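# Topology and contacts: notes
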Amino acid sequence: MSNIEQTLSIIKPDAVERNLDNEIKKIFQKNGFRILKEKKLKLEKTEAEQFYKVHETKPFYNDLCTYLSSGTIVVMILEKENAIKSNRDLMGATDPAKAEEGTLRKLFGKSIDKNSVHGSDSPDNAKIEIDFFFKD
Ligand code: UDP
Ligand code: MG
């Protein structure tokens with residue numbers, strides 16, 4: 001049975017500042033993702049804190065929110081069959097050093113924090129994250 005899903009993707013500041021956003025968007029499209037909506041923006045720290053609220057008890061939370069709000073990001077709604085898992089597979093492991101060859105984080109990630117891309121991890125979170133950026 002078909003399972004077309006939408007997921008939220010973010011091209012993070014480390015990748016946008018290296019002008020990798022077009023190259024990453026082409027890789028998504030080559031892998032069958034349709035970019036339904038996209039925008040380029042910079043978050044306030046408080047907005048990053050809200051976006052990453054699930055991580056608020058983690059030791060890396062403050063640095064993570066400072067980082068996500070440190071520069072321009074590109075946010076996109078991606079659509080594809082099983083888009084959520086498909087995007088997680090294409091992104092690779094959180095730590096680029098542990099990511100598989102050919103994954104976005106292996107190709108472009110600099111470190112576990114500056115790992116170039118975000119992708120929703122479940123249907124519930126995809127909906128919450130899409131609404132966070134595109135509810136209007
Ligand atoms: N992160 C970090 N240090 C860690 C773990 C995670 O800086 O030890 C950052 C990293 O940028 C990661 C984000 O926090 O992408 C969210 O962590 P999560 O475990 O949800 O990883 P993801 O879902 O992005 O692979
Ligand atoms: Mg996550």
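As the structure is a prediction and not an experimental result, all values here were calculated from the model. (Residues numbered from 1 in each chain as written. Chains lettered and ligands numbered in written order. Predicted model: local features only at pLDDT ≥ 70, side-chain atom pairs only at ≥ 80, totals over all residues. Heavy atoms only, no water.)

### Structural notes on the overall build of the chain
Counting its secondary structure elements, the chain contains 7 helices and 4 strands. Taken from N to C terminus, the helices and strands of the chain fall in the order β-α-α-β-α-α-β-α-α-β-α. Judged by the C-alpha coordinates and their principal axes, the chain covers about 40 × 35 × 25 Å. Here the chain holds 136 residues, and 47% of them are scored as buried. For the chain, the share of sequence-separated contacts (at least 6 apart) that also reach a separation of at least 24 residues comes to 75%. Put simply, the chain shows about 7600 Å² of open surface, and 49% of that area lies on carbon and sulfur atoms. Side chains of the chain give 23 positive and 23 negative charges; the mean places of these two sets differ by 2 Å. (Helix = DSSP H or I, 4+ residues; strand = E, 2+ residues; numbered from the N terminus. Buried < 20%, exposed > 50% of the residue type's maximum accessible area, 1.4 Å probe, protein only. Contact = heavy atoms within 4.5 Å. Areas by Shrake-Rupley, 256 points an atom, 1.4 Å probe, with all protein chains shown as cover. Lys, Arg positive; Asp, Glu negative; His and termini not counted. Charge placed at Lys NZ, Arg CZ, Asp CG, Glu CD.)

### What about the site of ligand 1?
Neighbouring residues of ligand 1: Lys12, His55, Phe60, Leu64, Arg88, Thr94, Arg105, Ile112, Asp113 and Asn115. Between ligand 1 and the protein, one listed contact pairs an oxygen atom with a side-chain N or O atom of Arg88 at 2.8 Å. One of the side-chain nitrogen or oxygen atoms of Thr94 is found 2.5 Å away from an oxygen atom of ligand 1. Surface burial for ligand 1 is 79%, taken as the share of its 500 Å² of free accessible area covered by protein chains. (Near = heavy atom within 4 Å. Polar contact = N/O pair within 3.5 Å; in protein donor to acceptor, adjacent residues only side chain to side chain.)

### As for the side chain of Ser9
Secondary-structure assignment places Ser9 in strand β1 (residues 4–11). By relative accessible area, Ser9 is classed as buried at 0%.

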